[in-house]
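# Chains, contacts and geometry: an overview
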Amino acid sequence: MTVLLRSLAAALLLTTSVSALAKEAKTTTTVEEKKEDDGLKLPPLPADKSVTQTARIGGQTITYRATVGKIAVRDDKGKEIGQVVYTAYTVPGRDVSRPVTFAFNGGPGASSVYLNMGAVGPKRVQFGAQGDAPSDAPIARDNPNSWLPFTDLVFIDPIGTGFSRSLVDADETKKAFYANDPDIRYLSKVVYDWLVKEERLRSPKYVMGESYGGYRVPRIAYELQSQIGVGLNGLILVSPYLDPAVGDDATALSPLPWMIDLPSMAAANLERQGRLNAAAMAEVEAYTRGDFARDLLRGRADPEAVKRIVENVTRLTGLDPALVQRMGGRVDTRTYLREIHRADGTIGSIYDSNVTAFDPFPWSPRQESNDPLLDTLIAPTTSAMVDFVTREVGWKTDARYNALSYAVNAAWDRGKPADTPVTDLRKAIANDPRMKVMIVHGWDDLSCPFFSSRLIVDQMPSYGVADRVQLHVYPGGHMFYSRNDSGAAFKADAERLYR
């Protein structure tokens with residue numbers, strides 16, 4: 001496991017090779033990369049547009065208003081430098097006590113379509129499961145696991161994703177939008193601007209983020225609370241990239257990188273055997289915290305410790321014992337994903353290692369293909385979202401919709417890995433005793449492993465209330481909600497949090 005893997009593949013909903021990123025950055029030409037003095041003007045985006053729709057959710061028919069709109073982003077001098085496009089689903093006729101939830105996906109470079117049309121929006125398109133293909137019909141159907149029965153939903157696409165766009169040149173775009181801190185500041189202001197625009201400042205307010213969105217959520221919460229003057233009632237972190245520093249293996253002394261990944265490898269192995277359950281995983285976690293960590297720290301100076309590690313890692317992962325022996329029980333995610341399925345000529349996804357595709361280069365010493373799950377979800381989600389926006393809502397534009405932008409990801413300034421999200425989460429919770437927090441993961445996710453959040457939560461204070469920060473883990477991977485049962489469990493846990 002490397003820092004590059006964590007930042008580009010593990011946390012970002014963007015797994016690709018460096019060469020692919022470079023190729024995309026070279027071949028993508030967008031009008032916002034032109035200097036303003038070129039005289040080239042972007043065609044205007046349409047005015048906000050709303051339609052009334054219905055969906056059958058949880059045994060009831062819900063009538064709601066679907067809106068595609070935009071919010072201007074301005075610099076300190078009031079100049080408009082960007083436009084953020086959002087999709088909102090609101091149930092009319094409800095009083096001010098109805099909650100509103102703002103949702104972000106990750107990347108950097110991912111639009112909010114995955115939470116929208118995969119997890120909690122009123123319509124859902126199938127993606128993220130074994131057997132899904134890019135050519136599957138992008139038909140959105142009523143989502144039984146939608147959260148619309150108990151909260152309005154606002155899905156926000158950061159600049160460079162979806163239809164959201166910068167209005168300044170490439171250098172200014174990077175400074176204003178494509179870095180950790182500016183990203184938090186302008187997205188927090190977008191949340192505030194929507195609340196003012198829709199007169200919802202008195203409503204209960206929640207923020208949800210997936211993957212790198214899980215990095216955003218605690219920081220947005222603290223920015224809103226401490227700088228803008230908006231308190232949040234709850235935070236939902238979905239498969240979060242919560243602490244870049246915790247997976248930083250710049251030092252070879254830390255056992256954490258190996259500890260964080262092992263339980264998810266074990267979960268996938270148990271699932272393949274039909275034995276995955278909470279009790280089995282509790283034993284895996286206990287071993288990882290205990291004997292595994294102690295034996296890792298003993299190192300090769302203790303041959304018996306090495307022997308125990310190899311035996312246990314082989315048993316837990318299902319890998320070839322000779323391979324585990326060669327690696328000293330320290331199995332990185334790329335090796336695991338390639339080797340665990342090598343016998344049938346397939347390769348696993350970092351987002352769910354039991355979702356596989358044929359390896360197009362099985363004799364290569366390294367993986368030469370993109371992530372198998374990632375490659376299957378871009379087409380149906382993009383087509384379904386564009387069809388919804390342009391045909392159903394009637395928000396007509398010929399601009400390209402970026403479900404995943406490799407160019408944004410390549411341009412992103414990540415700064416130095418730090419625990420800023422965890423620090424901001426601690427401060428936001430301490431400031432507001434009523435704010436609730438729920439972190440959710442899939443057992444099989446190796447991009448943002450659940451055990452990282454487990455260790456982080458266990459190091460946080462209780463703030464005087466047991467389980468102030470809830471952690472739930474479900475069958476599945478990074479997008480566990482693509483499995484109907486896991487999506488239903490996620491909805492039930494969330495509804496308890498809201499009520």
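Sequence order as written defines residue numbering, which begins from 1 separately in each chain. Given that the model is predicted, a residue must reach a pLDDT of at least 70 before its local features are reported, and side-chain atom pairs must reach 80 or more before they are shown or counted; all residues, however, enter totals for whole chains, interfaces and linings. With hydrogens and water set aside, each side-chain value is computed from the structure's full complement of heavy atoms.

We now examine helix α6 (residues 212-228). Secondary structure elements follow DSSP: runs of H or I no shorter than four residues count as helices, runs of E no shorter than two count as strands, and numbering proceeds from the N terminus. Helix span, as expected, comes to 1.5 Å for every residue beyond the first. Helix length check: α6 (17 residues) gives 22 Å between terminal C-alpha atoms against 24 Å at 1.5 Å per residue, within 8%. For α6, a buried count of 12 out of 17 residues is recorded, marking the element as mostly surrounded by other parts of the structure. Elements in contact with the buried residues of α6: β4 (100-104), α5 (180-197), β9 (205-210), β10 (234-238) and α14 (420-431). Downstream of α6 by a residue or two, Gly229 has a phi angle that is positive, lying close to 95°. Only protein chains enter the calculation, and the probe is 1.4 Å; a residue is then buried if its accessible area is under 20% of its type maximum, exposed if over 50%, and partly exposed in between. Only heavy atoms matter for contacts: two residues are in contact if any of them lie within 4.5 Å across the pair.

Let's shift gears to the nonpolar core. Membership of the largest hydrophobic core comes to 89 residues, with the highest contact counts inside it found for Tyr114, Trp147, Ile236, Tyr336, Tyr481 and Phe490. The residues touching Tyr481, leaving out its near neighbours within four places in the chain, are Tyr114, Leu115, Gly118, Ala119, Arg124, Phe127, Glu210, Val238 and Gly487. In plain words, nonpolar cores are sets of buried Ala, Val, Leu, Ile, Met, Phe, Trp, Tyr and Cys residues tied together by side-chain atoms within 4.5 Å. Core analysis: the next-biggest nonpolar cluster, separate from the first, contains 50 residues, Tyr178, Val190, Met435 and Met460 among them.

With that settled, the discussion passes to the side chain of Arg124. Residue position: Arg124 is located in strand β5 (residues 123-124). Here Arg124 falls in the buried class, since its relative accessible area comes to 14%. We define a polar contact as two N or O atoms separated by no more than 3.5 Å, with the added condition that, inside protein, one atom must be a possible hydrogen donor and the other a possible acceptor, whereas residues neighbouring each other in sequence contribute only through side-chain atom pairs. In this structure the side chain of Arg124 is engaged in a polar contact, spanning 2.8 Å, whose partner is the backbone oxygen of Ser482. Non-local contacts of Arg124, meaning those with residues more than four positions away in its chain, are made with Met117, Gly118, Ile139, Ala140, Arg141, Asn143, Tyr481, Ser482 and Asn484.

What follows covers the packing of helix α8 (residues 278-298) against helix α15 (residues 450-458). Close contact between α8 and α15 brings their axes to 12 Å; oriented N to C, the two are set at 65°. By the angle between their directions, the pair α8 and α15 is classed as roughly perpendicular. The two elements α8 and α15 meet at a crossing, and its hand is right-handed. Between α8, through Met281, Glu285, Thr288 and Arg289, and α15, the contact on the second element is made entirely by Phe450, Phe451, Arg454, Leu455 and Asp458. For this scheme, ten residues count as nonpolar: Ala, Val, Leu, Ile, Met, Phe, Trp, Tyr, Cys and Pro. Four count as charged, namely Asp, Glu, Lys and Arg, and the remainder, Gly too, count as polar. Looking at the contact of α8 with α15 residue by residue, the classes come out as four nonpolar, one polar and four charged. Angular values range over 0 to 180 degrees, each being the angle between N-to-C directions of two axes fitted as lines to C-alpha atoms, with helices fitted over their stretch in contact. For classification, angles of less than 35 degrees are called roughly parallel, those exceeding 145 degrees roughly antiparallel, those between 65 and 115 degrees roughly perpendicular, and all remaining angles oblique. Note on convention: the crossing is left-handed when the near helix lies turned anticlockwise from the far helix by less than a right angle, right-handed when the turn is clockwise.

Between its first and last C-alpha atoms helix α16 (residues 484-498) spans 21 Å; for 15 residues at 1.5 Å apiece the expected length is 21 Å, and the two agree. Every buried residue belonging to α16 is among Ser486, Gly487, Phe490, Lys491, Asp493, Ala494, Leu497 and Tyr498, and all of these are buried.

In this section: unusual backbone geometry. Working note: non-glycine residues mostly have negative phi, and peptide bonds are mostly trans. Omega for the peptide link from Gly107 to Pro108 comes to -5°, which places this bond in the cis form. With respect to the secondary-structure elements, Pro108 resides in the loop between β4 and α3 (113-120). The backbone of Ser211 sits at a positive phi, close to 60°, despite the residue not being glycine. Classification of Ser211 as buried rests on a relative accessible area of 0%. Positive phi is not limited to glycine here, since Ser239 has a value of about 45°. When its relative accessible area of 0% is taken as the criterion, Ser239 is described as buried.

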